[in-house]
Amino acid sequence: MNTKKALLLGALAALLAVLSACGGQQGAAGAELQGTLVNLCGQPLPYMTVYVPGHEPVLTGLDGKFVIEDVAAPYDLAIGDAYLLSDTVEELPILVYQGLTVMEPRLAVKTTGDRNEDGCLETRFFGSLTTTASGGSLYSAHVSGFTGAGNYYETWSAPDGGSYDATIYTAPDEPAYLKTLLWEVDGEGEIAAFVAGAYATLTPNGDEVEENLELEPLGTLALSATVSTPAAVSLAFVASNAVVSGSRGFLELQRREAGDAVNGVFSFLVPDAAGWGSLLMARGTYGRSSRLSVGGSDIASVEGQVFSWRRAFEFGEEAVNLSLPEPVVPVTPLQGSVVGPDTTFSWVGPEGMVYDSMLQIKQDGPDISVEVITQGTSLSLPELSGLGVSYDAAGRLYWQIAAWKSEAMPATVDGFADFEMVRTIMSDMQHEYPGDAGSAVFCDAGSYGVAASQER
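These numbers were taken from a predicted model, which means no experiment stands behind them. (Residues numbered from 1 in each chain as written. Predicted model: local features only at pLDDT ≥ 70, side-chain atom pairs only at ≥ 80, totals over all residues. Heavy atoms only, no water.)

Participant: I'd like a description of the overall build of the protein, backed by residues and values.
Facilitator: Looking only at helices and strands, one finds two helices and 32 strands in the protein. Expressed as a percentage of the 456 residues in the protein, the buried residues total 52%. A sequence separation of at least 24 residues applies to 72% of the contacts in the protein between residues at least 6 apart. Put simply, the protein shows about 19,100 Å² of open surface, and 48% of that area lies on carbon and sulfur atoms. (Helix = DSSP H or I, 4+ residues; strand = E, 2+ residues; numbered from the N terminus. Buried < 20%, exposed > 50% of the residue type's maximum accessible area, 1.4 Å probe, protein only. Contact = heavy atoms within 4.5 Å. Areas by Shrake-Rupley, 256 points an atom, 1.4 Å probe, with all protein chains shown as cover.)

Now the structure itself:
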């Protein structure tokens, strides 16, 4: 085993030894852990490093599988990319699942480089858009899949119509979706009425697919939204998006700033036709511009965002209520302080969420990024001294915390051990909000100094 590979295996061991102290503890006896690592397109990931505390690190085989004997649940699982262990490596990424109980996890792992796209189909979708409906000045076309999307807003040219052209990556045997809408605008450039629309399910082939669509006439529905916000959060905007039942992705149509509400109500026009629906999304901000405190913690030194969304489909629904979640707030350590292996990173936030906490150390040597999936609200920074991968006293640590909550998303870490679920979550969140309703939180907890570790 080369030196750098041994170093990362040791780094994983040190990391999990620390994390196990604040996560799942290992029992005296257990069962055989049989897992598989795949990329977002379902292809096996060989030569990935996998570690469970109290056991020897292992590498996945050509089929992406690994076996670790005598593992007691709950257990912590760390994953590293052995392919990155070269003389020119710039970053050592480590992904940790804290508190797993499933013994046959099939995990979708987002790696660096080309391995994310192994087995994916790269397909160019293009075609013409026409309609027999009269009117229309602007149109939007959106092509989406699990691992990519393309969105276009163009001027409609009657009688020639419009077109679309997008190249995206998709998983094998997974469809892509095309949605397009045509509308009239008023003197201020706002949507005045919807004229026509169409949607289609496309079949990727790894080459080119031409699909010409005839847009069908559709109606216009007035939809209103009200938003409730926590005391520490300022509403930024509310957006109206068009969605299609059973189809992934959405078309963003209108955005209302906080000051656009009339008596607390935001007004939108949305398409009204069979299959079409609306997704209303609100975003709020908190932090540096505010002197408010949450749970006794000053949040003026952090920067965060909260989201809430809800879909409305063919119910004759004309009003949607959105409630922004409470913010995520770091508790320890203090912003700008020096952190080390004895530091506990803790936070408070909404209940019922699985948190994704990212600790990234920028330094002269290889950068280190540790991403922890946990139901807890605290973790520790691993001590890597004596492993050849050390913390640089001139380095900086950057801390971010994120979480989502929806009936379509897992409420436990075990839920993230399901390939289909994780692939959906890890796909580009700009093009999908999972479930009929949900909320999300994000906090940039700032930067910290790093106490240098000593190499052996």
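Now that the structure is up, let's keep going.
Participant: Describe in detail the packing of aromatic side chains, supporting the description with residues and values.
Facilitator: Evaluated as defined, the whole model comprises ten aromatic pairs. With a centroid separation of 5.7 Å and an interplanar angle of 80°, the aromatic rings of Tyr199 and Trp276 are classed as edge-to-face. Within this pair, whereas Tyr199 is found in strand E13 (residues 191–202), its partner Trp276 is found in strand E20 (residues 276–287), the two being separated by 77 residues in sequence. Relative accessible area serves as the criterion here: at 5%, Trp276 is assigned to the buried category. The interplanar angle of 40° and the centroid separation of 5.1 Å between the aromatic rings of Trp309 and Tyr433 together place this pair among those described as tilted. One end of the pair, Trp309, is in strand E23 (residues 303–313); the other, Tyr433, is in the loop between helix H2 (419–426) and strand E32 (437–450), with 124 residues separating them in the sequence. By way of ring pairs, the aromatic residues Phe345, Trp347, Tyr355, Trp399 and Tyr448 are connected into one cluster. (Phe/Tyr/Trp six-rings, centres within 6.5 Å; stacked < 30°, edge-to-face > 60°.)

Participant: A description of the pattern of salt bridges should follow, citing residues and the corresponding values.
Facilitator: Pairs can form between side chains of opposite charge whenever their charged atoms are close. For the coordinates displayed, the defined rule picks out five salt bridges. Between Arg124 and Asp165 there is a salt bridge; the shortest N-O distance is 2.7 Å. Linking Arg124 in strand E8 (residues 121–131) with Asp165 in strand E11 (residues 162–170), this pair joins segments that are 41 residues apart in sequence. Among the ionic pairs, Arg124 bridges to Glu208, the shortest N-O distance being 3.1 Å. Placement of Arg124 in strand E8 and of Glu208 in strand E14 (residues 208–210) is noted, with a sequence separation of 84 residues between them. Take Arg124: its relative accessible area is 27%, and that puts it in the partly exposed class. (Salt bridge = Lys/Arg side-chain N within 4 Å of Asp/Glu carboxyl O.)

Participant: Lay out the pairing of E8 with the relevant residues and their values.
Facilitator: Pairing of E8 with E11 involves nine bridges; the strand directions are antiparallel. Counted as the bridge partner of Leu121 is Thr170 from E11. Where E8 meets E14, three bridges bridge the pair, whose relative direction is parallel. Bridge assignment links Phe125 to a residue of E14, and that residue is Val209. Pairing analysis gives three bridges linking E8 to strand E15 (residues 213–217), with the strands arranged parallel. Across the sheet, Leu129 pairs through a bridge with Leu213, a residue of E15. (Pairing = 2+ DSSP bridges.)

Participant: Describe the nonpolar core, with residues and values.
Facilitator: Membership of the largest hydrophobic core comes to 41 residues, with the highest contact counts inside it found for Val238, Leu280, Val328, Leu397 and Trp399. With five residues, the single largest contributor to this core is E32. If near-sequence neighbours (up to four positions away) are discounted, Val328 is found in contact with Tyr286, Trp347, Val348, Gly349, Pro350, Tyr355, Ile401, Val441 and Cys443. Formed by 22 residues, the second largest nonpolar core is a distinct cluster that contains Leu37, Val52, Tyr97 and Val354. (Core = buried A, V, L, I, M, F, W, Y, C linked by side-chain atoms within 4.5 Å.)

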